[in-house]
Structure formats: C-alpha cells, structure tokens
Amino acid sequence: MPPGPIAIRAATAGDAAAIAAIYAPYVLQGTVSFESEAPDAAAMRERIEESDGYYPWLVAVSRGEDGGERGVLAYAYATRFRDRPAYRYVVESSIYAAGATQRQGVGRLLYEALVDTLRAQGFTQAIGVIALPNDASITLHEAVGFRRAGVYREVGYKQGRWIDVGLWQCALNDSAIPPIEPRAFRDVGVRRD
C-alpha cells in the first residue's frame, strides 16, 4: 500500500490532468485500451463533465500526515452500457491505477467503492470489458464480485495483433419488474458499504 492513508472521493474537473497521466501508458504502451492516442487533460475533463453527475467518476488519493492530498493514485468510472433505452439499468465500468500503485490494494478499495456506489444508485448490472490476456484485471474484477460472462474473439487490432475481449458481469441489484430507475450519482454520492 502506498505511504499514508488513502481516500476515495468523487473526481472533479481539476483531476483531469492526473487522470490523463495515469491513463496515457495504458493507451501508448499496451493493449489494455483500444484507443490509439492518449487523451489530454482537456479531453479527460470533457469525459468527466459528460457524465453530467449521473454516472460516477471516482479517484483514490493519498493523504499526507497533515490530511492534505498528495495526488491521484487511481481512478474508476461507469458509463452507459449501450445507447438504447432498455439498457439504462446497466453500466460499463473501468478502472486504471498509476504504475507504482498497481497490486498494492488501492485498486480494490476504489473498485469496491464504485460497485457500492452503483448499487446505491440502483443499477442492476455492471459490465467490465477486459482486453485479454490480463490476469491482474481479471483478478481485481473477480475480487469485487464480477464473474466471467463471455469472450469476443479477435475484435480489436492493436500493436500488430488481434486481441480478444472478455466480458465480466457483476450483479448489483435485483432485476425488479417493473424496473426501478437508477438515481443520479450527484444525488447518491460516493458509497463504501
């Protein structure tokens, strides 16, 4: 675990540069992300703002002895799973941690908070989309309640090869009939149940 206590909070537009810095290596150095150009701080700010307070964006930050923040260590967020109205009860979730923070427990704390928040909002399912192979991401997803749901074979082409994409699914709430409309993140806030 990184030195000092870890806090989980809602991401703000002011976190965009730190989030962009965490994400860039995933885009530029591997096949975890299928983006080909790393988004800059302005693009990340726009992504956060496009959630319009409905879908959560969370960050894990380290705190110094004085209680002040030392920096963003990881971020996680949820987005619309698909555009059609019937899918509005389901989200797609993602998480990225700074290189030095990986495998230190920060990602699990953050992802647990995201899952708890999505449950409180009333979403029924979260879908994790993982470029394969990626044992660390699979382990993290399964540690917070996701289960393997399927694989799309050779659907992404990056770095000179075709990449499979695995789907992991986490049941968040019962699928009531009729369904209950999810609440906005701005009304629920970060949860850690």
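Along every chain, residues carry numbers that run from 1 in the direction the sequence is written. Restriction of local features to residues with pLDDT of at least 70 applies here, the model being predicted, together with a cutoff of 80 or more for giving and counting side-chain atom pairs; totals for whole chains, interfaces and linings are based on all residues. Working from all heavy atoms in the structure, the side-chain values ignore hydrogens and water.

So, on to the overall build of the protein chain. For the protein chain, the count of helices and strands is five helices and seven strands. Starting at the N terminus, helices and strands are each numbered in turn, a helix being any DSSP run of H or I of at least four residues and a strand any DSSP run of E of at least two. When the elements of the protein chain are put in sequence order from the N terminus, they spell out β-α-α-β-β-β-α-β-α-β-β-α. What the globule rule says is 2.2 Å times the number of residues to the power 0.38, and the radius of gyration is computed from C-alpha atoms. In terms of C-alpha radius of gyration, the protein chain reaches 16 Å, essentially the compact-globule figure of 16 Å for 193 residues. Each principal axis of the C-alpha atoms in the protein chain carries an extent, and together these give about 50 × 45 × 30 Å. Here's how the labels work: a residue is buried when its accessible area is under 20% of the maximum for its type, exposed when over 50%, partly exposed in between, all with a 1.4 Å probe on protein chains only. Across the 193 residues that make up the protein chain, the buried fraction comes to 46%. Accessible area for the protein chain stands at about 10,200 Å²; split by element, carbon and sulfur atoms hold 49% of it. Using a 1.4 Å probe, accessible areas were evaluated by the Shrake-Rupley method; residue-level cover was limited to the displayed protein chains.

Of all five residues in strand E1 (residues 6-10), four are buried, a share of seventy percent or more. Two strands pair under a simple rule: DSSP has to find at least two bridges between them. The pairing of E1 with strand E2 (residues 57-63) spans five bridges and is classified as antiparallel. The residue of E2 that forms the bridge with Ile-8 is Ala-60.

The next thing to look at is the pairing of strand E4 (residues 90-97). Counting buried positions along E4 gives seven out of eight residues, so the element sits mostly inside the fold. In this sheet, E4 lies alongside strand E3 (residues 69-80) in antiparallel orientation, the contact comprising seven bridges. By the bridge assignment for E4, Tyr-77 is matched with Ser-94. With four bridges connecting them, E4 and strand E5 (residues 125-132) associate as parallel partners. Looking at E5, one finds that Val-91 is bridged to Ala-126. With its strands directed away from the observer, a crossover is right-handed exactly when the path from the first strand over the helix to the second travels clockwise. For the segment spanning E4, helix H3 (residues 106-121) and E5, crossover handedness is right-handed.

What follows is about helix H1 (residues 16-28). The length a helix should cover is 1.5 Å for every residue beyond the first. Helix length check: H1 (13 residues) gives 18 Å between terminal C-alpha atoms against 18 Å at 1.5 Å per residue, within 8%. Maximal helix bending in H1 amounts to about 30 degrees, located at Ile-22; proline Pro-25 follows within four positions. When H1 is considered as a whole, its buried residues turn out to be Ala-16, Ile-19, Ala-20, Ile-22, Tyr-23, Ala-24, Tyr-26 and Val-27. What makes two residues a contact is simply this: any of their non-hydrogen atoms within 4.5 Å. Residues of H1 that are buried make contact with helix H2 (41-50), E2, E3, E4 and strand E6 (147-158). Bend angle per residue: angle between axes fitted to the 7 residues ending at that residue and the 7 residues starting there.

Bringing the packing of aromatic side chains into the picture now. The geometry of an aromatic ring pair is captured by the separation of the ring centres together with the interplanar angle, meaning the angle of the planes. Two rings from Phe, Tyr or Trp (for Trp, the six-membered ring) form a pair when their centres are within 6.5 Å of each other. A pair whose planes differ by under 30 degrees is stacked, one over 60 is edge-to-face, and the rest are tilted. The final tally for this structure, using the stated rule, is 12 aromatic pairs. Both rings, one in Tyr-26 and one in Tyr-96, keep their centres 4.9 Å apart while their planes meet at 65 degrees; by these two values the pair is edge-to-face. Separated by 70 residues along the polypeptide, Tyr-26 in helix H1 and Tyr-96 in strand E4 bring together distant segments of the chain. Owing to a relative accessible area of 17%, Tyr-26 belongs among the buried residues under this scheme. Taking relative accessible area as the criterion, Tyr-96 reaches 10% and is therefore assigned buried. Taken together, the ring pairs in this structure connect Tyr-23, Tyr-26, Trp-57, Tyr-75, Tyr-77 and Tyr-96 into an aromatic cluster. Placement of a charge over a ring requires the Lys NZ or Arg CZ to be within 6 Å of the ring centre, with the centre-to-atom vector within 35 degrees of the ring normal. The ring centre of Phe-81 lies 5.0 Å from the NZ or CZ of Arg-82, which sits over that ring.

These figures come from the coordinates and say nothing about function on their own.
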